[in-house]
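# Observations on the model geometry
These are the residues of each chain, in order.
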Amino acid sequence: MKRIVVDPVNRIEGHLRLELIIDEATGKVQDALSSGTAWRGIEIILKDRDPRDAWLFAQRICGVCTTVHALGSLRAVEDALGIEIPKNANYIRNIIAASQVVQDHLIHFYHLHGLDWVSPVAALKADPAATAALQNSVLEKYTINIDAPIEYDTKAYPKDFPKATTIYFRDIQNKIKQIVESGQLGLFAAHWWDHPDYELLPPEVHLMAMAHYLNMLDRQRDLVYSHVVFGGKNPHPHYVVGGMPCSISMNDMNAPVNTERLAIVDTSINLGLDAVNYFYLPDLLAICEIYVKSGNIDGAGIAGKRVLGFGDYPEDTYSGTTNGSYHKNLLLRSDGIVENFDQGVSKAVFHNFEAKDLVDSAVITEGVEHSWYTYNQAGADLHPWDGITDPQYTGPKEGTKTNWKYLDENGKYSWIKTPKWQGKMAEVGPLARYIIVYTKVKQGIMQPTWVEKLMVDQIDQVSKMLNLLPEKWMLSTVGRTLVRGLEAQAAAYINKYYFDKLIKNIHNGDTSVANMDKWDISKWPSEAKGVGLHEAPRGGLSHWVVIKDGKIANYQAVVPSTWNACPRDSKAGYGPYEASMIDTKIKIPEKPLEILRVIHSFDPCLACATHLYNAEGKQLSVVYSDAYK
Ligand code: NFE
Ligand code: MG
């Protein structure tokens with residue numbers, strides 16, 4: 001047995017440490033531990049603040065999934081106070097969210113996960129003409145009929161998108177050659193380019209994806225112009241409790257939202273669609289088909305056992321979450337839990353997730369058995385409204401408190417709590433959303449909306465291409481990665497759909513963006529509780545607020561990467577990361593590329609999961625706001 005430590009895991013957001021116990025004879029991972037190694041305490045920072053400011057602080061939980069914590073927080077406070085936002089605000093928030101999904105998934109695939117699959121070194125052997133032919137042929141096998149009810153398919157200022165030509169790929173290959181031959185690999189340094197897995201794909205796939213990797217470095221900012229137009233900036237666009245802060249006027253060229261600004265959003269939305277269709281999907285399909293067909297389909301973890309989602313994209317305004325209104329008219333009804341999808345879609349078991357489950361103290365809870373926190377009652381699982389964030393750092397099993405050798409899998413070993421549904425672990429994320437929607441539609445539990453139909457068609461089309469049943473390819477590292485790309489395609493159309501709804505609503509004369517009826521604290525009840533749900537790029541997100549006498553009495557965020565990266569639990573077993581590592585075979589223990597690949601397939605965000613730290617508790621810096629001090 002060999003104990004391997006990977007710390008820090010790079011190409012993720014935040015600080016993640018992995019420890020693996022590997023049987024050297026078989027290459028099998030016997031046990032695995034995932035630890036969030038930084039603690040941030042944003043839930044404590046929120047205490048006693050004005051609930052109308054909560055979104056602003058909560059949004060700073062993460063700069064990668066910017067916007068999502070603002071949305072979760074706004075929905076929680078608006079739920080507590082019974083605030084209904086105007087139509088335009090709902091459409092704009094949906095556009096901001098869908099743009100975030102498109103950009104976040106593209107960045108993840110190219111800049112965080114891509115080099116687990118393709119290598120700049122292997123790309124040098126490719127034939128540029130064959131690479132161009134490859135890109136043009138891959139998509140022909142994947143034909144999807146998109147039936148989105150979009151009336152104005154506008155393209156205000158179409159941007160030039162690089163076509164797959166021999167010259168394009170030759171230029172990029174020369175650029176990569178210069179980098180490799182200089183011996184200074186820069187952003188490609190410190191990687192296991194000699195790992196045998198890089199030989200699985202032909203050189204043309206490496207060159208195709210590497211070209212898009214470099215191109216996306218330049219394009220990623222263009223994909224979130226909607227955040228800048230509607231929210232003033234990215235990262236961390238502005239909102240207001242009750243709606244959006246951007247006034248709309250078609251007559252005033254200085255208004256935050258006018259025809260010119262809408263054309264900028266339109267351009268950005270169409271660019272996202274092109275990036276997904278011309279870059280992301282061909283790369284993914286080429287890579288994943290070869291991996292699946294060569295039998296590399298491990299890394300399912302608990303996805304075949306249990307996945308969870310909350311649903312998103314309200315079609316119209318709603319009066320709250322805990323009263324059930326939020327779930328009544330969603331475009332993407334990935335709300336619910338699916339168990340045993342590994343038995344096939346007809347045998348999978350679907351459980352509803354309803355408003356009454358949100359207020360039931362036994363349905364959604366968090367435990368801290370292996371987390372560096374204490375609860376009043378040891379071993380308890382607490383509902384987020386009763387949640388406690390009280391840090392208690394106990395150090396490692398071997399080494400010192402500030403210099404670890406090995407963490408203690410039998411004791412506390414992570415700053416991440418353990419979220420549970422009915423006392424059980426669940427995976428969240430794009431794969432979870434697709435499993436839930438696919439099961440609900442195929443079992444006749446719901447008639448699909450246009451986007452749900454698209455999602456089912458995507459899964460059926462890929463299953464046909466791979467000649468495998470969905471549960472045979474989806475429940476794996478490759479499946480998790482491929483489904484995220486399918487979701488980016490769906491989100492790009494959702495983006496166009498809500499943009500169309502927004503311009504039609506403005507056209508009809510409605511320019512309202514905020515409902516300020518309950519802005520004044522005197523209109524609030526002395527005590528109120530709320531929850532805000534959102535399908536963030538990495539999965540189901542929930543923010544929970546308790547308001548007393550106009551202030552936040554308790555605030556808890558239960559975040560996607562917390563569900564996925566959580567430490568084990570003596571009753572609930574292993575969480576998604578740990579289980580998926582145990583489920584993965586490794587060729588070279590000292591170069592566990594397969595482990596990086598399976599963990600990256602979840603798109604880890606540890607900043608989110610552990611919501612500055614100095615291990616010795618010293619003051620890091622002092623900032624005086626008084627200029628004369
Ligand atoms: Ni910081 Fe985030 C949230 C997580 S969403 S990245 O919420 O986990 O994708
Ligand atoms: Mg939390």
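### Some points on the overall build of the protein
Helix and strand counts for the protein come out as 19 helices and 16 strands. The C-alpha atoms of the protein give 24 Å as radius of gyration, which agrees with the globular expectation for 629 residues (25 Å, within 12%). Overall size of the protein, expressed as C-alpha extent along the three principal axes, is 70 × 65 × 60 Å. Here the protein holds 629 residues, and 62% of them are scored as buried. Between the averaged position of the 64 positive side-chain charges in the protein and that of its 74 negative side-chain charges there is a distance of 1 Å.

### Regarding the coordination of the iron atom of ligand 1
The iron atom of ligand 1 binds to the protein through Cys 65 (SG) and Cys 608 (SG); the donor distances cover 2.4 to 2.7 Å. One can describe the site at the iron atom of ligand 1 as irregular: its 4 donor atoms subtend angles covering 72 to 166° at the metal. Here the iron atom of ligand 1 and the nickel atom of ligand 1 are spaced 3.0 Å apart, with Cys 65 acting as a shared donor. Pair noted here: Cys 65 is in the loop between helix H2 (54–58) and helix H3 (68–81) and Cys 608 is in helix H19 (residues 606–609), with a separation of 543 residues, a long-range link. Note on Cys 65: relative accessible area 4%, which makes it buried.

### Remarks on helix H15 (residues 477–507)
Helix length check: H15 (31 residues) gives 45 Å between terminal C-alpha atoms against 45 Å at 1.5 Å per residue, within 8%. Across the 31 residues that make up H15, a large majority, 27, are buried. Just downstream of H15, Gly 509 is the residue with a positive phi angle, here 100°.

### Regarding helix H4 (residues 87–113)
Counted at 1.5 Å a residue, the expected span for H4 with its 27 residues is 39 Å, and the 37 Å between its end C-alpha atoms agrees. Along H4, the sharpest kink reaches roughly 25°, centred on Ile 107. In terms of burial, H4 is a largely internal element, 26 of the 27 residues being buried.

### Some words on the confidence of the model for the protein
Should pLDDT be low for a region, the predicted coordinates there are not to be read in detail. Scored by pLDDT, the protein comes out at a mean of 93, with 97% of its residues at no less than 70. Note that residues 612–629 has pLDDT below 50 and, in this model, 10 contacts with residues that lie over four places away or in other chains.

### Some details on the site of ligand 1
Around ligand 1 there are 13 residues in total, and Cys 62, Cys 65, Arg 538, Cys 605 and Cys 608 lie nearest to it. With respect to ligand 1, the side chain of His 69 contributes an N or O atom lying 3.1 Å from an oxygen atom. At 2.5 Å, a side-chain N or O of Arg 538 approaches an oxygen atom of ligand 1. For the shell around ligand 1, the secondary structure elements donating two or more residues are H3 and helix H16 (560–565). Residues that form the shell around ligand 1 fall into these classes: 10 nonpolar, 2 polar and 1 charged.

### Some points on the sheet that holds strand S8 (residues 349–351)
Strand order in this open sheet of 3 strands is S4-S7-S8, and the pairing throughout is antiparallel. One side of each edge strand has no neighbouring strand; the edge strands of this open sheet are strand S4 (306–309) and S8. Recorded for the sheet is a direction-independent mean angle of 15° between the axes of neighbouring strands. Sheet topology note: the S4/strand S7 (residues 336–339) ladder contains 4 bridges and is antiparallel. Paired with Val 307 across the strands is Val 338, a residue of S7. Against the sheet, helix H12 (residues 430–442) engages S4, S7 and S8, with an angle of about 95° to S4.

### Brief notes about the pairing of strand S15 (residues 539–548)
Of all 10 residues making up S15, 9 are buried, and the element is well covered by its neighbours. Where strand S14 (residues 527–536) meets S15, 10 bridges bridge the pair, whose relative direction is antiparallel. Residue pairing across strands places Gly 530 opposite Val 545, the latter belonging to S15. Sheet topology places S15 next to strand S16 (residues 551–558); 7 bridges connect them, and they run antiparallel. From the neighbouring strand, Trp 544 faces S16, where its bridge partner is Gln 556. Counting the residues in the hairpin turn of S15 and S16 gives 2 residues, including Asp 549, whose phi is positive at 50°.

### Comments concerning the pattern of salt bridges
Evaluated as defined, the whole model comprises 40 salt bridges. Its salt-bridge partner being Arg 3, residue Glu 19 comes within 2.7 Å of it at the nearest N-O pair. Here Glu 19, found in strand S2 (residues 16–23), pairs with Arg 3, found in strand S1 (residues 2–6); they are 16 residues apart in sequence, far enough to count as distant. Residue classification places Glu 19 among the buried residues on the basis of a relative accessible area of 2%. Of the charged contacts in the structure, one is a salt bridge between Glu 354 and Lys 356, with a shortest N-O distance of 3.3 Å.

### Remarks on unusual backbone geometry
If a residue is not glycine, its phi is most likely negative; likewise, a peptide bond is most likely trans. Between Asp 7 and the following residue, Pro 8, the backbone shows a cis peptide bond with an omega angle of 0°. Here Pro 8 is to be found in the loop between S1 and S2. The backbone phi angle of Arg 11 is positive, close to 55°, even though this residue is not glycine. Along the chain, Arg 11 falls in the loop between S1 and S2. Its relative accessible area of 18% is what places Arg 11 among the buried residues. A positive phi angle is found at Tyr 313, which is not glycine, with a value near 65°. Positionally, Tyr 313 belongs in strand S5 (residues 312–314).

### Topic: the side chain of Asn 515
Here Asn 515 is to be found in the loop between H15 and S14. A distance of 2.8 Å separates the side chain of Asn 515 from the backbone oxygen of Glu 84, its partner in a polar contact. With near-sequence residues (within four places) excluded, Asn 515 lies in contact with Ile 83, Glu 84, Pro 86 and Gly 242.

### Describing the nonpolar core
Leu 106, Phe 230, Met 244, Tyr 313, Phe 341, Trp 473 and Met 474 are the most contacted members of the largest nonpolar core, which has 147 residues in total. Sorting elements by how many residues they give to this core places helix H10 (residues 259–293) first, with 17 residues. When residues no more than four places from it in sequence are discounted, the contact partners of Leu 106 are Met 216, Leu 223, Ala 275, Val 276 and Tyr 280. Counting residues in each nonpolar core, the second largest holds 28 residues, with Val 6, Ile 22, Val 29 and Met 581 among its members.

### What about the packing of H12 against helix H13 (residues 450–466)?
Packed helices, taken two at a time, are described by their axes: the angle between them and the distance between them. Between H12 and H13, the shortest axis-to-axis distance is 9 Å and the interhelical angle comes to 100°. With respect to H13, the axis of H12 lies roughly perpendicular. On the side of H12, the interface is formed by Arg 433, Tyr 434, Val 437, Tyr 438, Val 441 and Lys 442, while H13 contributes Glu 452, Met 455, Val 456, Gln 458, Ile 459 and Asp 460. Along the lines of polarity and charge, the residues of the contact of H12 with H13 split into 7 nonpolar, 1 polar and 4 charged.

Parameters at a glance
- Residues numbered from 1 in each chain as written.
- Chains lettered and ligands numbered in written order.
- Predicted model: local features only at pLDDT ≥ 70, side-chain atom pairs only at ≥ 80, totals over all residues.
- Heavy atoms only, no water.
- Helix = DSSP H or I, 4+ residues; strand = E, 2+ residues; numbered from the N terminus.
- Rg over C-alpha atoms; globule rule 2.2 N^0.38 Å.
- Buried < 20%, exposed > 50% of the residue type's maximum accessible area, 1.4 Å probe, protein only.
- Lys, Arg positive; Asp, Glu negative; His and termini not counted.
- Charge placed at Lys NZ, Arg CZ, Asp CG, Glu CD.
- Donors = N, O, S within 2.8 Å, 3.2 Å for Na, K, Ca; no water.
- Tetrahedral: all angles 85-135°; square planar, octahedral: opposite > 155°, others 65-115°.
- Expected span 1.5 Å × (residues − 1).
- Bend = angle between axes of the 7 residues up to and from the residue.
- pLDDT = per-residue confidence, 0-100.
- Contact = heavy atoms within 4.5 Å.
- Near = heavy atom within 4 Å.
- Polar contact = N/O pair within 3.5 Å; in protein donor to acceptor, adjacent residues only side chain to side chain.
- Nonpolar A, V, L, I, M, F, W, Y, C, P; charged D, E, K, R; others polar.
- Pairing = 2+ DSSP bridges.
- Axes fitted to C-alpha atoms, helices over the stretch in contact; angles between N-to-C directions.
- Salt bridge = Lys/Arg side-chain N within 4 Å of Asp/Glu carboxyl O.
- Core = buried A, V, L, I, M, F, W, Y, C linked by side-chain atoms within 4.5 Å.
- Parallel < 35°, antiparallel > 145°, perpendicular 65-115°, else oblique.

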